[in-house]
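Observations on the three-dimensional arrangement
Residue strings, one per chain:
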Amino acid sequence: MTRVETVATTAEAARILSDGAAYLGGGTMLMRAVNAGTAPPRLVRTADPVLRAVSARGDTVTVGAGVTMARILAEPQLDFLHPVARAVGSPQIRNMATVGGNLFAPHPYGDFAVALLALGARARMAGAGGTRPLDDLLRDRDRPGGLVEAVEIPRPPARAFRFHKVSRVKPRGVSVISIAVLAPSPGGKLAGVRVAYGAMGPTPLRAAAVERVLEGGRLDQAARERAVAVAAEGLDPPTDALASGWYRGEVAGVHLGRLLARMEEGR
Amino acid sequence: MTKIPVTLTHNGAERAAFADPGQNLLDFIRRGLGDLSPKYGCGQGSCGACTVTIDGETRLACLTLAETVEGCDVRTAAGLGQGATLDPLQQAFMDHFAAQCGYCTPGMLVSARALLDRNPNPTREEVVEAISGNLCRCTGYDPIIDAILSLAGRKASA
Ligand SMILES: Cc1cc2nc3c(=O)[nH]c(=O)nc-3n(C[C@H](O)[C@H](O)[C@H](O)COP(=O)(O)OP(=O)(O)OC[C@H]3O[C@@H](n4cnc5c(N)ncnc54)[C@H](O)[C@@H]3O)c2cc1C
Ligand code: FES
Ligand code: FES
């Protein structure tokens, strides 16, 4: 039988999590498990305002883990994340789904986490947990790892960030693949390129081969062709009801190529 | 089993009832409050038949833990009309044959009412977006979209 404890602070919640409880965010994933009788017996939640705070300092925006997709869409300073939040679920889901929960949503979910991974965001952990790069957090997210309190997101330079989600059902459907590209070119050459995929592995992950061929060059047709050729290199995309792993591997380059072309044209 | 007392505003009325641990809001509204208008379709967030508003925002009652609505303002399709007087949206659904089996209708009405309250003059695209979380297996959606659009530009109801 599921018991929910409500505590005052994220530090207390983190302590209870380390005893084997699960954190209840928006509940869009966890309540499915509660309804199916497969949820952990102990859940914890907190109304600590830090989870709902959005703030900007210099070039970093900090978004509380309890901020919903709908709230992201209502924040003008988070405009670079609007196309991402809009791609998550339905209006009702967006009113519930949190940023923190998205980091732990299983395949094919986690579109928001894909964007955060490409942006080079860090997770700030509650209590004395410090901050962790999202790459690390996602890699071992299946192990109990404490409570994410907020994500710290470097604001991308203008026109240097793009997100695209491919789904079969519109306007709402889960990902065949989602792609996020950060491609800053400070002195005319690409530097600090980060490319992330969703639905191409067990968690959102980076396309290391694509990053390698783009880094240091210009965003032009030749670079695009090189990127497309290695789009799925080193990846083993999953098969599910929407698409086979083979299909995902075949179309990854097509969608990546289109996204890069739009970036190049500044569309 | 320990029961959890929950007090809330349900369609404008103060109510109190006991929730079970782990009980979802859909079950609580139907069995605890006796309001059968929100429907159980999937219990997984996919169909929207259980759509209600909590503090003015559309939510899925099947994915909401009942005890978390303590002190909240919860509204369902049953709160739309007043006795025999229908909400203009309900009348529009009748006029446009927007319900066949009717199972999706309460969820559709709640999503559509929330849209019109926020945006009294939506485009067809905005209507489609607003009901994109509500599945209908009967109508093919066009009659529903037409019903909602027929109210576009009219003053929102009280
Ligand atoms: C019908 C439907 C459609 C969906 N469509 C999409 C979609 O298009 N794209 C997409 O990305 N997702 C989608 N999802 C998945 C889900 O809604 C989102 O990923 C959402 O962001 C999860 O957040 P939540 O707050 O609801 O998570 P919860 O269900 O509350 O939690 C999910 C998991 O994360 C853990 N967790 C939550 N918050 C924290 C935290 N702060 N620190 C540590 N652990 C935490 C929980 O313990 C739990 O294990 C969909 C879900 C449904 C039901
Ligand atoms: S019953 Fe809640 S979405 Fe289907
Ligand atoms: S009228 Fe039957 S599901 Fe919509």
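Starting from 1, residues in each chain are numbered consecutively following that chain's sequence as written. Whichever chain is written first is A, and whichever ligand is written first is 1; the rest continue in order. Local features in a predicted model are, by the rule used here, given only for residues with pLDDT of at least 70; side-chain atom pairs are given and counted only at 80 or more, and totals for whole chains, interfaces and linings are based on all residues. In computing side-chain properties, one takes all heavy atoms of the structure into account and sets aside hydrogens as well as water.

- Per an unreviewed UniProt entry, chain B carries the name NdhS_3 protein and comes from Jannaschia aquimarina.

- As annotated in an unreviewed UniProt entry, chain A carries the name CoxM_2 protein and comes from Jannaschia aquimarina.

1. So, the environment of glycine 133 of chain B
- In this description a helix means any DSSP run of H or I spanning at least four residues, a strand means any run of E spanning at least two, and both kinds are numbered starting from the N terminus. With respect to the element layout, glycine 133 of chain B can be found in the loop between α4 (124-130) and α5 (142-149).
- Only protein chains enter the accessibility calculation, which uses a 1.4 Å probe. A residue is then buried if its area is under 20% of the maximum for its type, exposed if over 50%, and partly exposed in between. Under the relative-accessibility criterion, glycine 133 of chain B is labelled buried at 2%.
- Sequence-wise, glycine 133 of chain B and glycine 107 of chain B are 26 residues apart; in three dimensions their C-alpha atoms are separated by 9.3 Å.
- Residues within four places of glycine 133 of chain B in sequence aside, it is in contact with Ser90, Pro91, Gln92 and Arg172 of chain A together with Ser46, Cys47 and Gly48 of chain B. Two residues qualify as a contact provided that any one of their heavy atoms is within 4.5 Å of a heavy atom in the partner residue.

2. Things to note about the pattern of salt bridges
- Salt bridges, as used here, are contacts in which a Lys or Arg side-chain nitrogen is within 4 Å of a carboxyl oxygen on Asp or Glu. Per the counting criterion, the structure on display carries 22 salt bridges over all chains.
- Residue aspartate 73 of chain B is joined to arginine 75 of chain B by a salt bridge in which the shortest nitrogen-to-oxygen separation is 3.3 Å.
- You can call arginine 75 of chain B partly exposed: its relative accessible area is 37%.
- Shared partners join several salt bridges into a network, and the residues in it are Asp135, Arg194, Arg206 and Glu211 of chain A.

3. Comments concerning the domain arrangement of chain A
Residue and element names in this part refer to chain A.
- Residue ranges assigned to the domains are those given by an automatic or database domain assignment. We note that the domain assignment places domain 1 (3-46), domain 2 (49-154) and domain 3 (161-264) within chain A.
- For domain 2 and domain 3, the distance between their C-alpha centroids amounts to 20 Å.
- The partner domain 3 presents 25 residues to the 21 residues of domain 2 that form the contact.
- Note on domain 2 versus domain 3: buried area summed over both sides is about 1,800 Å², and carbon and sulfur give 66% of it. Note on terms: buried area is the combined drop in 1.4 Å-probe accessible area of two parts once they are placed together, counting the loss on both.

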